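Given next are the chains, with one letter for each unit.
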Amino acid sequence: MGLKDKLLHITESHRRLFRNRAFVLLWGGQTVSVFGDAFFNLAVMWVVWSETQSTLQTAIIQAIWHLPDIIFAPLAGVLADRWDRKAIMVTTSLAAAGVVGAVALLVVLVGHLPPVIAFVAVFKLNSLTAFMSPARASIMPSVVGRDLLTTAQGLFSTARETASLVGSAAGGLLIAAASAVWALAVDAASFLFVALCIALARLPGRAVPDAASHANEVRPLFTPRLVIDDLRAGWRTAAELPVVRALLWLGVLVNICSFMGPLWPALVQERLGGGAGSFGILLAAGTAGGIFGGLAAGPVERRFGAGRVLAAGWSLAGVCTLGIAASTWMPVTLVLELVETAALTASMVASGAIAITSVPEAYRGRVFGTLRSLSVVLIPASALTGGWIAEFVEIWVMFAAGGVLLLALALAAWANPHIRTARI
């Protein structure tokens, strides 16, 4: 197939997706949601910092951000397999709008946002998101089909990066020009828009009952025993599928590398001699890399297979991270950051597509919830531990360690035949 034919094939894949009304509504809804979330994140962080002048208080927000996924994602997976997925997504979107709207109203009435209320709001909002994610992920293969799943997930990733970048800039301008209340109002409106998009989309409801269910048996949708049984069934399903089992443990380990995120400002200052402007440019390069990686994920996966995209992406990211550790020149670091983020984004898209398509539909929510919960469980500890160790060693050593870990996990992925040969 020549270059022209390949480009036409890629274009046709995107055309097919954008002719799919349900996909367009879900994709558009998430794009607006991420745009609104950027307003919420900036508003809460800025208000808490303004009220307390404490970096510890703002850091607590980041730690709280991941707790709902760790705690609730497995239960959310059970509900995604037992309840109507469309109803779950609409309900959680409306509830999220209510949470953000209540925070905005409190700021108007009280005149400020107490840190404790901010922490509670962040926890509640991300708890609702934790319930939405398994429902949306498990429904996607039925919406777009297996052959377009990676391309669809790549478009979701690209939209997420773009909306986050634009939303962060717009949110900062709005907070500076008006107040944080208006930023919160924008996020509340974005959740209402998401609920409307999902309500208008024609989506499949409940998953197909699993083999343990009887065709004519009416089972309660929620009891403690049922939840435990379903969690066990989801875990057994993940454990019995070699490729999902491998992705589970590799996903846990790769997030140890998250300790590098909070260390970027120190790297910019100590290794590159830059300041806030240089840090912002590096963040923009990372966002651009995420956009490119999301767009490239589908075409590359169809050519080489999802498993190879995952392993190659981690390999390339590991090499780039080692380069970042060694670099003392800003232009080189910019290019390396762009390539690293693109590789990691393509790997993430490929990994998610493998996991979802490898699991029978009746178990997708539970398996996705388990994967999501375990994949982030080490992030808070990794960030805190990495920040503590960085007090005693040079910053480049930390990035070199992250690069070595990524390469080691890439070798493990290449060595695993189930991952290496995985295709959608």
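Bear in mind the structure is a predicted one, so any value in this text is a computation, not a measurement. (Residues numbered from 1 in each chain as written. Predicted model: local features only at pLDDT ≥ 70, side-chain atom pairs only at ≥ 80, totals over all residues. Heavy atoms only, no water.)

1. A closer look at the overall build of the protein chain
Put simply, the rule is: Under the scheme used here, helices are H or I runs from DSSP no shorter than 4 residues and strands are E runs no shorter than 2 residues, and both carry numbers assigned from the N terminus. Any residue under 20% of the maximum accessible area for its type is buried, any over 50% is exposed, and the rest in between are partly exposed; the area is computed with a 1.4 Å probe on protein chains only. Contacts are residue-level and defined by heavy atoms, with any inter-residue pair within 4.5 Å sufficient. Accessible areas in this description were obtained via Shrake-Rupley with a 1.4 Å probe; residue shielding takes into account the shown protein chains only.
Counting its regular elements, the protein chain contains 17 helices and 0 strands. Counting only residues that meet the buried cut, the protein chain has 49% of its 424 residues in that class. Sequence separation of at least 24 residues holds for 87% of the intrachain contacts in the protein chain that already meet a minimum separation of 6. When the accessible surface of the protein chain is summed, it comes to about 19100 Å², and 69% of that surface belongs to carbon and sulfur atoms.

2. Some thoughts on helix H9 (residues 242-254)
Note the following rule: Expected helix span is given by 1.5 Å per residue-to-residue step, counting one fewer step than there are residues.
Helix length check: H9 (13 residues) gives 18 Å between terminal C-alpha atoms against 18 Å at 1.5 Å per residue, within 8%. Considered for burial, the residues of H9 that qualify are Val 243, Val 244, Ala 246, Leu 247, Leu 248, Leu 250, Gly 251, Val 252 and Val 254. Its buried side turned inward, H9 meets helix H8 (224-240), helix H12 (306-326), helix H13 (330-358), helix H14 (364-376), helix H16 (395-415) and helix H17 (417-420).

3. As for the pattern of salt bridges
Between side chains of opposite charge, a pair can form as their charged atoms come close. The following threshold applies: One speaks of a salt bridge when a side-chain nitrogen belonging to Lys or Arg is within 4 Å of a carboxyl oxygen belonging to Asp or Glu.
Throughout the structure, instances matching the rule amount to 7 salt bridges. Note that Arg 85 is salt-bridged to Asp 81, the shortest N-O span being 3.6 Å. In this structure Arg 85 comes out as buried when scored by relative accessible area, which is 0%. Residue Asp 230 is joined to Arg 366 by a salt bridge in which the shortest nitrogen-to-oxygen separation is 3.5 Å. On the criterion of sequence distance, the pair formed by Asp 230 in helix H8 and Arg 366 in helix H14 is long-range, its members being 136 residues apart. Grouping residues by exposure puts Asp 230 and Arg 366 together as buried. One continuous salt-bridge network, built from bridges that share partners, spans Asp 81, Arg 82, Arg 85, Asp 230, Glu 361 and Arg 366.

4. Brief notes about a positive patch on the surface
Applicable threshold: Each patch is built from residues lacking any salt bridge and having more than 30% relative accessible area; the joining distance is 9 Å for like charges and 5 Å for nonpolar side chains (Val, Leu, Ile, Met, Phe, Trp, Tyr). Charge counting treats Lys and Arg as positive and Asp and Glu as negative, with His and both chain ends excluded. Positions of charges follow a simple convention, taking NZ of Lys, CZ of Arg, CG of Asp or CD of Glu.
The grouping of Arg 303, Arg 308, Arg 420 and Arg 423 at the surface amounts to a positive patch. Relative to the elements of secondary structure, Arg 303 occurs in helix H11 (residues 276-304). Overall, the relative accessible area of 52% leaves Arg 303 in the exposed class.

5. Some remarks on the packing of aromatic side chains
The line we're drawing: Working definition: rings of Phe, Tyr and Trp (its six-membered ring) pair if their centres are within 6.5 Å, and the pair is stacked with planes under 30 degrees apart, edge-to-face with planes over 60 apart, and tilted otherwise. Definition used: whenever NZ (Lys) or CZ (Arg) falls within 6 Å of the ring centre and also within 35 degrees of the ring normal, the charge is taken to sit over that ring.
Taken as a whole and judged by the stated rule, the model has 6 aromatic pairs. Seen in terms of ring centroids, Phe 18 and Trp 27 are 5.2 Å apart; in terms of plane orientation they differ by 85 degrees. Their pairing is edge-to-face. Measuring from centroid to centroid gives 5.7 Å for Phe 23 and Phe 156, while their planes differ by 90 degrees, and the two rings are edge-to-face. Note that Phe 23 is positioned in helix H2 (residues 21-52) and Phe 156 in helix H6 (residues 149-177), a separation of 133 residues in sequence. Like Phe 23, the residue Phe 156 is buried in the burial classification. Connected via pairs of aromatic rings, a cluster forms that spans Phe 18, Phe 23, Trp 27 and Phe 156. One residue, Arg 303, lies across the ring of Phe 304, its end atom 5.0 Å from the ring centre.

6. So, the packing of H9 against H13
In plain terms, the rule: Lines are fitted to the C-alpha atoms to define the axes, a helix being fitted only along its stretch in contact, and any angle between axes, read from their N-to-C directions, falls within 0 to 180 degrees. For classification, angles of less than 35 degrees are called roughly parallel, those exceeding 145 degrees roughly antiparallel, those between 65 and 115 degrees roughly perpendicular, and all remaining angles oblique. For any pair of crossing helices, the crossing counts as left-handed if the nearer helix is rotated counterclockwise from the farther one by less than a right angle, and right-handed if it is rotated clockwise.
Close contact between H9 and H13 brings their axes to 9 Å; oriented N to C, the two are set at 140 degrees. Considering their axes alone, H9 and H13 lie oblique with respect to each other. Crossing of H9 over H13 shows left-handed handedness. Here H9 contributes Val 243, Val 244 and Leu 247 to the contact with H13, which in turn contributes Ser 351, Ile 354, Ala 355 and Ser 358.

7. What about a nonpolar patch on the surface?
A cluster of nonpolar side chains, Trp 388, Ile 389, Phe 392, Val 393, Trp 396 and Val 397, forms an exposed patch at the surface whose accessible area comes to about 590 Å². For the nonpolar patch, the elements supplying multiple residues, two or more each, are helix H15 (379-389) and H16. For Phe 392, a relative accessible area of 61% gives the class exposed.

8. Some remarks on the nonpolar core
What counts is decided by this rule: By nonpolar core is meant a set of buried Ala, Val, Leu, Ile, Met, Phe, Trp, Tyr and Cys residues that side-chain atoms within 4.5 Å join together.
By size, the foremost hydrophobic cluster in this structure holds 52 residues, and its most contacted members are Trp 314, Phe 399 and Ile 419. Elements with a contribution of two residues or more to this core: H8, H9, helix H10 (264-272), H11, H12, H13, H14 and H16. Take this core: its biggest share by element is 9 residues, from H12. Every residue in contact with Phe 399, bar those within four places of it in the chain, is listed here: Met 260, Leu 263, Trp 264, Leu 267, Thr 321, Ile 324 and Ala 325. Leu 25, Val 143, Leu 149 and Leu 203 belong to the second largest nonpolar core, which has 33 residues in total.

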